[in-house]
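# Fold and contact review
Spelled out from the first residue to the last, the chains are:
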Amino acid sequence: MIDNRKMTFPGENEALVKHLCDRRTGVGADGLILLQDHPDYDFEMVYYNADGRVGSMCGNGARCTVRFARQLGVIEDVACFLAADGEHQASVERDLIQLKMNDVKQVERIGNDYYLNTGSPHYIRFVDDVQGMDVYEEGRAIRYNDRFAAVGTNVNFVQKIGENEIFVRTYERGVEDETLSCGTGVTAAALVAGLEGMQSPVKVKVLGGELQVAFERTGEGSFKYIYLIGPAKQVFTGSVNV
Ligand SMILES: N[C@H](CCC[C@H](N)C(=O)O)C(=O)O
């Protein structure tokens with residue numbers, strides 16, 4: 001998270017973002033986010049994938065940006081901000097950040113799998129044993145298949161583990177590896193679980209912890225009032241010369 005309200009960060013710099021996100025020679029991150037002023041919003045969030053490319057929406061990153069904005073004194077307990085996929089509202093309640101996601105209008109069925117966009121593109125496959133699988137290999141195979149070749153996709157493997165509870169593991173485009181949690185992916189997985197009969201809020205376990213997704217289904221594959229809820233806390237602060 002970089003406070004870029006003074007616009008000191010040299011934007012659109014793939015090499016620099018890639019360097020900062022490198023875990024061995026840089027700082028280390030799955031992505032990089034700039035918090036910036038915006039005339040019509042509390043702030044704007046600019047998200048880059050770890051490979052340096054401008055990303056789409058990042059759900060967990062957005063929750064972290066809200067926490068960051070609060071720590072900087074940019075907001076109090078509620079926020080209305082701009083991200084790659086448009087306007088978002090969020091609220092802070094102690095540890096938890098509740099983030100409103102954009103409505104989803106369409107969920108595509110691909111064989112037994114699903115494909116939808118929750119701000120970022122997500123492929124969803126239900127599996128029986130998500131802990132035992134090779135997310136890197138199987139995720140890559142889908143991420144690079146012909147159907148998604150041009151833009152790529154994030155790939156989520158989902159296991160139903162309770163009445164309204166799932167376990168999700170995600171192969172992330174732009175990181176090109178499994179990450180510990182992907183917020184837009186978790187949201188997509190929970191909505192699809194909703195299509196398969198689960199009730200809101202759906203509890204979602206990920207390698208990095210636990211999230212919740214609330215939603216209202218409005219039709220065959222469409223949803224509104226979608227919220228991604230989970231904790232976000234600061235683990236480190238520092239400065240870097242670029
Ligand atoms: N990790 C992010 C999503 C990043 C998506 C990005 N990897 C892409 O679509 O290119 C999240 O928490 O929602």
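Residues numbered from 1 in each chain as written. Predicted model: local features only at pLDDT ≥ 70, side-chain atom pairs only at ≥ 80, totals over all residues.

The name recorded for the protein chain in an unreviewed UniProt entry is Diaminopimelate epimerase, from Pontibacter chinhatensis. Checking UniProt for the protein chain, the heading Function (unreviewed entry) contains the comment "Catalyzes the stereoinversion of LL-2,6-diaminopimelate (L,L-DAP) to meso-diaminopimelate (meso-DAP), a precursor of L-lysine and an essential component of the bacterial peptidoglycan." The record in UniProt for the protein chain states the following under Catalytic activity (unreviewed entry): "(2S,6S)-2,6-diaminopimelate = meso-2,6-diaminopimelate". (UniProt positions renumbered as here; feature names shortened; annotations may be inferred.)

### Comments concerning the environment of Phe167
Tracing the backbone shows Phe167 in strand β11 (residues 165-172). With 24 residues separating them in the primary sequence, Phe167 and Arg143 have C-alpha atoms 20 Å apart. (Helix = DSSP H or I, 4+ residues; strand = E, 2+ residues; numbered from the N terminus.)

### Overview of helix α3 (residues 135-143)
Within α3, burial applies to Val135, Gly139 and Ile142. Mapping the buried residues of α3 onto a view down its axis gives an arc of 60°, with all of them on the same face. Seen from the buried face of α3, the exposed residues on the opposite side, beyond 90 degrees, are Glu137 and Ala141. Buried residues in α3 make contact with β9 (121-126), β10 (154-162), β11 and β12 (177-179). (Buried ≥ 20, exposed ≤ 12 C-beta atoms within 10 Å, placed from the backbone. Arc of directions from axis to C-beta. Contact = placed C-beta atoms within 7 Å.)

### Regarding the domain arrangement of the protein chain
Looking at the assigned domains, one finds that the protein chain contains domain 1 (2-99) and domain 2 (107-231). Of note, the centres of domain 1 and domain 2, computed from C-alpha atoms alone, are 22 Å apart. In this complex, domain 1 contributes 18 residues to the contact, which on the side of domain 2 involves 17 residues. Only α2 (59-72) and β6 (96-101) provide two or more residues apiece to the side of domain 1 that touches domain 2. A total of four residues in the side of domain 1 that touches domain 2 trace back to one element, the largest contributor, which is β6. Looking at side-chain class alone, the side of domain 1 that touches domain 2 contains six nonpolar, six polar and six charged residues. (Domains from an automatic or database assignment. Nonpolar A, V, L, I, M, F, W, Y, C, P; charged D, E, K, R; others polar.)

### Some thoughts on the nonpolar core
Nonpolar side chains in soluble globular proteins generally cluster together in the buried interior. The biggest cluster of nonpolar side chains holds 63 residues, and the ones touching the most others in it are Met45, Ile166, Val186, Ala189, Ala190, Leu191 and Val204. For this core, the element with the highest residue contribution is helix α4 (residues 183-195), accounting for seven residues. Here this core spans two domains, and each of domain 1 (2-99) and domain 2 (107-231) adds at least three residues to it. Other than its neighbours up to four places away in sequence, Val204 contacts Ile166, Val168, Val186, Ala189, Ala190, Glu210, Leu211, Gln212 and Val213. (Core = buried A, V, L, I, M, F, W, Y, C linked by C-beta atoms within 7 Å.)

### Details of unusual backbone geometry
Excluding glycine, a negative phi dihedral is what most residues carry, and trans is how most peptide bonds are arranged. Between Ser200 and Pro201 the backbone carries a cis peptide bond, its omega angle lying at 0°. Structurally, Pro201 can be placed in the loop between α4 and β13 (202-206). Phi at Met7 takes a positive value of approximately 55°, unusual for a residue other than glycine. With respect to the helices and strands, the residue Met7 is situated in the loop between β1 (2-3) and α1 (14-21). One non-glycine residue, Glu176, lies in positive phi territory at about 60°. Tracing the chain through its elements places Glu176 in the loop between β11 and β12. Given 16 C-beta atoms within 10 Å, Glu176 falls into the partly exposed group.

### Comments concerning the site of the ligand
If you check the shell around the ligand, you find 15 residues, and the closest are Gly59, Asn60, Ser120, Gly183 and Thr184. Mapped by element, the contributors of at least two residues to the shell around the ligand are α2 and α4. Ranked by residues supplied to the shell around the ligand, first place goes to α2 with three residues. Of the residues that constitute the shell around the ligand, the class distribution is two nonpolar, 11 polar and two charged. If you count residues domain by domain, the shell around the ligand takes at least three from each of domain 1 (2-99) and domain 2 (107-231). (Near = placed C-beta within 6 Å.)

### Things to note about α2
Helix length check: α2, at 14 residues, gives a terminal C-alpha distance of 20 Å against a target of 20 Å (1.5 Å per residue), a fit within 8%. Counting buried positions over the 14 residues of α2 gives 11, a clear majority of the element. Of the residues trailing α2, Gly73 is marked for its positive phi of about 85°. (Expected span 1.5 Å × (residues − 1).)

### Description of the pairing of β9
Where strand β8 (residues 113-117) and β9 come together, four bridges link them in antiparallel fashion. In the sheet register, Leu116 faces β9, and the bridge partner there is His122. Pairing between β9 and β10: five bridges, direction parallel. Within β10, the position partnered with Tyr123 by the bridge is Val155. With α3 bridging β9 and the parallel β10, this β-α-β connection has right-handed handedness. (Pairing = 2+ DSSP bridges. Right-handed = clockwise from strand over helix to strand, strands pointing away.)

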